[in-house]
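# Geometric and topological summary
Here's the letter readout for the chains.
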Amino acid sequence: MKRSTRLIHLGRPERTGQGPRTVNHPVVRASTVLFDSTAQMADARRRRDTERLFTYGVRGTPTAFALEDVIADLEGGFGAKLYPSGQAAVAGAMLAFLKPGDHVLVTDSVYQPVRRLFARHLEARGIQVDYYRPDGSDIPDLIRPETRLIHAESPGSFTMEMQDIRALADIAHDAGALLSVDNTWASGWAFQPLAHGADLSILAATKYVSGHSDVMMGTVTTTEAHYQTLHDSWLTLGTVVSADDCALALRGVRTLPIRFDAHGRHAMAVANHLAARPEIAAVLYPPRDGDAGHALFTRDFTAAAGLMTVAFQPDIPRARVEAMVDALDLFGIGASWGGFESLALICDLSNRRPDADIRPGTHLRLHIGLEDPDDLIADLDAAMLALGG
Ligand SMILES: *Cc1c(COP(=O)(O)O)cnc(C)c1O
């Protein structure tokens with residue numbers, strides 16, 4: 001079966017053998033699971049750490065198991081665990097594999113709240129962090145015997161730098177470290193980090209997997225070698241997700257390939273249009289020919305998402321860009337992305353490294369939704385009148 005066919009058929013009752021033969025997996029809301037006898041319960045308890053058994057809600061419901069199977073296939077991994085948000089998934093991955101004394105290398109282009117995770121939580125518990133250049137050029141200077149994990153994100157948040165995941169995996173493994181990749185932009189559909197040597201792939205399933213801006217969810221998918229460690233930590237921390245949210249994520253993920261295709265086509269039309277506008281200094285969108293990350297993109301990725309950043313000419317004041325965003329009609333002003341709707345967000349790049357390769361000028365992140373791109377382009381053009389002041 002091809003991948004898109006498996007996305008339609010995995011995790012459904014006729015394959016899991018769970019519940020009635022509805023098209024969609026039933027929503028199994030549960031804390032307590034009842035047993036016929038103490039002997040049956042004792043038997044389940046003996047087997048529950050090595051087999052996937054439905055014995056108590058915190059260990060996951062059949063609805064969650066169905067979603068785990070779909071995500072593991074989407075990401076090309078052995079197994080996946082579910083978390084209540086993308087940020088919780090990053091935290092869950094770190095807590096599963098790090099201990100006091102360990103050192104972590106995190107890409108300087110990382111999703112910004114991950115810095116807070118290290119600054120406010122992990123560093124206080126004896127885990128050291130350094131931020132490396134997204135191209136990996138300074139990793140040889142930063143890596144230490146205690147380096148346990150390298151964390152990548154490709155393309156990175158806001159500045160959209162592509163990373164060479166295969167090369168990073170080799171560096172990590174030569175140093176006895178793991179490579180984790182935040183794969184939210186590609187969402188498992190356009191790129192599978194585990195197939196390129198990574199050990200952990202993390203998704204904010206809040207974004208394209210759910211696809212409708214109404215669910216918070218995160219996933220960590222890993223190889224057979226690391227699955228038990230991930231599972232044990234996930235269970236110990238009690239990071240459970242609701243069956244209702246799993247059902248929404250399952251509904252979303254069925255249409256991921258066709259939504260992704262449309263987001264990518266619409267985004268390319270918008271990117272090409274904006275690149276020709278004199279107010280725009282650069283369109284940061286790796287699928288586009290001429291982008292700094294285009295070679296890595298074409299080498300590794302099979303599809304384009306709808307998220308890009310545009311850099312305005314440096315002589316345009318930020319206040320004018322804000323006025324332009326306020327003048328947009330079809331783009332929402334808000335956090336997150338990956339839903340069916342277009343969004344605009346001015347980027348805060350203030351916590352990038354001082355030597356980061358960031359072009360001057362205000363940066364605006366655009367999520368290109370499923371609206372007709374002609375309408376989005378007309379909306380952007382009209383709003384750009386506000387740039388003149
Ligand atoms: C949104 C996002 C996250 C966090 O996901 P939440 O579900 O919002 O917590 C993590 N990584 C990337 C790249 C993101 O864009």
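Bear in mind that the values here come from a model prediction, so they are computed numbers and not experimental data.

This part takes up the packing of aromatic side chains. Taken as a whole and assessed by the stated rule, the structure comprises seven aromatic pairs. Between Trp 185 and Phe 297, the aromatic rings sit 6.1 Å apart at their centres with planes inclined by 85°, giving edge-to-face as the arrangement. Linking Trp 185 in the loop between strand S5 (178-182) and strand S6 (200-204) with Phe 297 in helix H12 (residues 294-300), this pair joins segments that are 112 residues apart in sequence. Feature note: the residues Trp 185, Phe 191, Phe 297 and Phe 301 constitute an aromatic cluster, connected by ring pairs.

Of note, Arg 48 is situated in the loop between helix H3 (38-47) and helix H4 (62-75). According to the relative accessible area criterion, Arg 48 is partly exposed, its value standing at 25%. Beyond its immediate stretch of four places on either side in the chain, Arg 48 contacts Leu 53, Thr 55 and Arg 59.

Let us now look at the site of the ligand. Neighbouring the ligand are 13 residues; Gly 86, Gln 87, Asp 182, Thr 206 and Lys 207 lie closest to it. Between Lys 207 and the ligand, the recorded distance is 2.6 Å, taken from a side-chain N or O atom to an oxygen atom. For the ligand, whose free accessible area comes to 380 Å², the fraction covered by protein is 91%. Broken down by class, the residue content of the shell around the ligand amounts to four nonpolar, six polar and three charged.

Here the focus is the pattern of salt bridges. Scanning all chains against the criterion turns up 25 salt bridges. The salt bridge involving Asp 102 is made with Lys 99; its shortest N-O contact spans 3.1 Å. A salt bridge links Arg 352 to Asp 108, with the nearest nitrogen and oxygen atoms 2.7 Å apart. With Arg 352 in the loop between strand S11 (343-346) and strand S12 (363-367) and Asp 108 in the loop between strand S2 (103-107) and helix H6 (113-122), this residue pair connects regions lying 244 residues apart in the sequence. A relative accessible area of 9% places Arg 352 in the buried class. Among the residues examined, Asp 108 registers a relative accessible area of 2% and is labelled buried. Connected via shared salt-bridge partners are Arg 133, Asp 135, Asp 138, Arg 353 and Asp 355.

Before going further, it helps to spend a moment on the pairing of strand S7 (residues 218-222). The buried count for S7 comes to five of five residues, which makes it a mostly enclosed element. Burial of the side chains of S7 extends over both faces: Gly 218, Val 220 and Thr 222 are buried on one face and Thr 219 and Thr 221 on the other. Here five bridges tie strand S1 (residues 79-83) to S7, and the two strands are oriented antiparallel to one another. Residue pairing across strands places Tyr 83 opposite Gly 218, the latter belonging to S7. As defined by bridge partners, S6 adjoins S7 across five bridges and the pair is classed as antiparallel. Note that in S7 the partner of Leu 203 across the bridge is Thr 219.

Conventions used here
Residues numbered from 1 in each chain as written. Predicted model: local features only at pLDDT ≥ 70, side-chain atom pairs only at ≥ 80, totals over all residues. Heavy atoms only, no water. Phe/Tyr/Trp six-rings, centres within 6.5 Å; stacked < 30°, edge-to-face > 60°. Helix = DSSP H or I, 4+ residues; strand = E, 2+ residues; numbered from the N terminus. Buried < 20%, exposed > 50% of the residue type's maximum accessible area, 1.4 Å probe, protein only. Contact = heavy atoms within 4.5 Å. Near = heavy atom within 4 Å. Polar contact = N/O pair within 3.5 Å; in protein donor to acceptor, adjacent residues only side chain to side chain. Areas by Shrake-Rupley, 256 points an atom, 1.4 Å probe, with all protein chains shown as cover. Nonpolar A, V, L, I, M, F, W, Y, C, P; charged D, E, K, R; others polar. Salt bridge = Lys/Arg side-chain N within 4 Å of Asp/Glu carboxyl O. Pairing = 2+ DSSP bridges.

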